[in-house]
Amino acid sequence: RAWSGSRPIPRSMLAVLSATSLAPSRSRSVTVQSSPWPERPGGGRLHSWLAATIDDESAQDVGHCGLEILSCGPDGLLGGGERWPYIRPRAILSGTLTVSPKYRRQGVAQRLLTEAERKARWLGVDEMLLMVNQKNAAALKLYTKLGYAPKPVLAEHGGQVCMSKHLYYPTVHNQRSMLPLRRLEVTAA
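Owing to the predicted nature of the structure, the values given are computational and were not obtained by experimental measurement.

A. Here's a closer look at the overall build of the chain. On a plain count of helices and strands, the chain comes out with four helices and eight strands. Overall, the chain shows an N-to-C arrangement of helices and strands of α-β-β-β-β-α-β-α-β-β-α-β. With 189 residues in all, the chain has 34% of them scored as buried. Within the chain, counting contacts between residues at least 6 apart in sequence, those at least 24 apart form 61% of the total. Carbon and sulfur atoms make up 57% of the accessible area of the chain, which totals about 11,800 Å².

What follows is the structure in structure tokens.
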């Protein structure tokens, strides 16, 4: 009754509506699976390889990262000296967190990182460290958004920034990452 007497919807608007909400969806679900990491760079005893794949018959790899538990200082360095009292097991996002270019900016990297944090908690670690290139603005923005804080840059880091996050601090992202995950849908760009 509220629509009676109203004007018809213009054809241009109908085209927009049919192209968005009424068109068949081309999105596909993504699943992150964990497996042992045979080529771990740090040689850590506890480790995991996380791979994001599309849930269809192709099982296409859309992203991956590695996680290792290593005894290191809060700056991510394994050396001794004045850092000895602070060396303890920490989760290290090792290797590179990579997402296929046509699936970027759809939440895949965030899902991989959230799964890596869950795995680190499951392995009994309370802090996660990662290294990121100083010039990689997109990665720095993502990690900052997810609660990672940069550590002071040391000469040993080269062109990298060490970022850390305490996995049990009551932050919004930590609380969300402990909840059941919603289904992640992506489309190829």
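Additional details are given in the paragraphs that follow.
B. Seen up close, the nonpolar core. If you look at the biggest cluster of nonpolar residues, it comprises 34 residues, and the most contacted ones within it are L93, L97, L112, L113, M128 and Y143. Per element, the largest residue contribution to this core is six residues, and it comes from helix 2 (residues 108–122). Look past the residues within four positions of L112 in its chain and what remains in contact with it is V32, L50, A51, A52, G63, H64, C65, L97, T98 and V99.

C. Representation of the side chain of E68 within the structure. Tracing the chain through its elements places E68 in strand 3 (residues 61–72). For E68, a relative accessible area of 0% puts it in the buried group.

D. Summary view of helix 2. Taking 1.5 Å per residue as the helical rise, helix 2 with its 15 residues ought to reach 21 Å, and the 21 Å between its terminal C-alpha atoms agrees with that figure. Restricting attention to buried positions, one finds in helix 2 the residues V108, A109, R111, L112, L113, T114, A116, E117, A120 and R121. Downstream of helix 2 by a residue or two, G124 has a phi angle that is positive, lying close to 85°.

E. Focus on the pairing of strand 2 (residues 46–54). The pairing of strand 1 (residues 28–35) with strand 2 spans six bridges and is antiparallel. When the sheet's bridge partners are listed, V32 is paired in strand 2 with A52. Sheet analysis places strand 2 next to strand 3, joined by eight bridges and oriented antiparallel. Residue pairing for strand 3: L46 is matched across the bridge by I69.

F. Up close: the pattern of salt bridges. What the rule picks out here adds up to two salt bridges. A salt bridge links R90 to E127; the shortest N-O distance between them is 2.7 Å. Of this pair, R90 sits in strand 4 (residues 88–99) while E127 sits in strand 5 (residues 127–133); the two residues are 37 residues apart in sequence, bridging distant segments of the chain. Across the pair, E127 and R90 agree in class, each one buried. For K165, the salt bridge goes to E117, with nearest N and O atoms at 3.2 Å. Within this pair, whereas K165 is found in strand 7 (residues 160–166), its partner E117 is found in helix 2, the two being separated by 48 residues in sequence. For K165, a relative accessible area of 3% gives the class buried. On the accessibility criterion, E117 (0% relative accessible area) is buried.

G. A look at the environment of I54. Position of I54 among the secondary structure elements: in strand 2. Sequence-wise, I54 and V30 are 24 residues apart; in three dimensions their C-alpha atoms are separated by 4.6 Å. In this view, I54 contacts R28, S29, A59, Q60, V62 and Y103; residues no more than four positions away in its chain are not counted.

H. Representation of the layout of surface pockets. Reported here for the largest pocket is a volume of approximately 760 Å³. Looking at the largest pocket, it is lined by 26 residues, and the ones nearest its centre are L97, A109, A138, A139 and L142. Per-class residue counts for the lining of the largest pocket are 13 nonpolar, nine polar and four charged.

Each value, and the rule that gives it
For every chain, the first residue of the written sequence is number 1, and numbering continues from 1 onward in sequence order. Only residues with pLDDT of at least 70 get local features here, since the model is predicted, and only at 80 or more are side-chain atom pairs given and counted; chain-wide, interface and lining totals rely on the full set of residues. The side-chain numbers reported here are obtained from all heavy atoms of the structure, hydrogens and water having been left aside. Put simply, DSSP marks the helices as runs of H or I at least four residues long and the strands as runs of E at least two long, and each gets a number from the N terminus on. Note on exposure labels: buried denotes an accessible area under 20% of the residue type's maximum, exposed denotes more than 50%, and partly exposed covers the range between, all computed with a 1.4 Å probe on protein chains only. Residue contacts follow a heavy-atom distance rule, with two residues in contact if any of their heavy atoms lie within 4.5 Å. Every accessible area reported is derived by Shrake-Rupley at a probe size of 1.4 Å, with residue values counting cover from the shown protein chains alone. The nonpolar core is taken to be a set of buried Ala, Val, Leu, Ile, Met, Phe, Trp, Tyr and Cys residues, with the residues joined through side-chain atoms within 4.5 Å. The span expected for a helix works out to 1.5 Å for each residue beyond the first. Two strands qualify as a pair provided DSSP detects at least 2 bridges between them. Salt bridges are counted wherever a side-chain nitrogen of Lys or Arg sits within 4 Å of a carboxyl oxygen of Asp or Glu. Every definition here rests on a 1 Å grid over the protein atoms only: cavities are sets of points where a 1.4 Å probe fits but cannot get out, pockets are open sets enclosed by protein on both sides within 12 Å along at least five of seven lines, and lining residues have some atom within 4 Å of a point. Grid points are joined across faces, edges and corners, and a volume is the space filled by probe spheres set on the points. Put simply, Ala, Val, Leu, Ile, Met, Phe, Trp, Tyr, Cys and Pro go in the nonpolar bin, Asp, Glu, Lys and Arg in the charged bin, and everything else, Gly too, in the polar bin.

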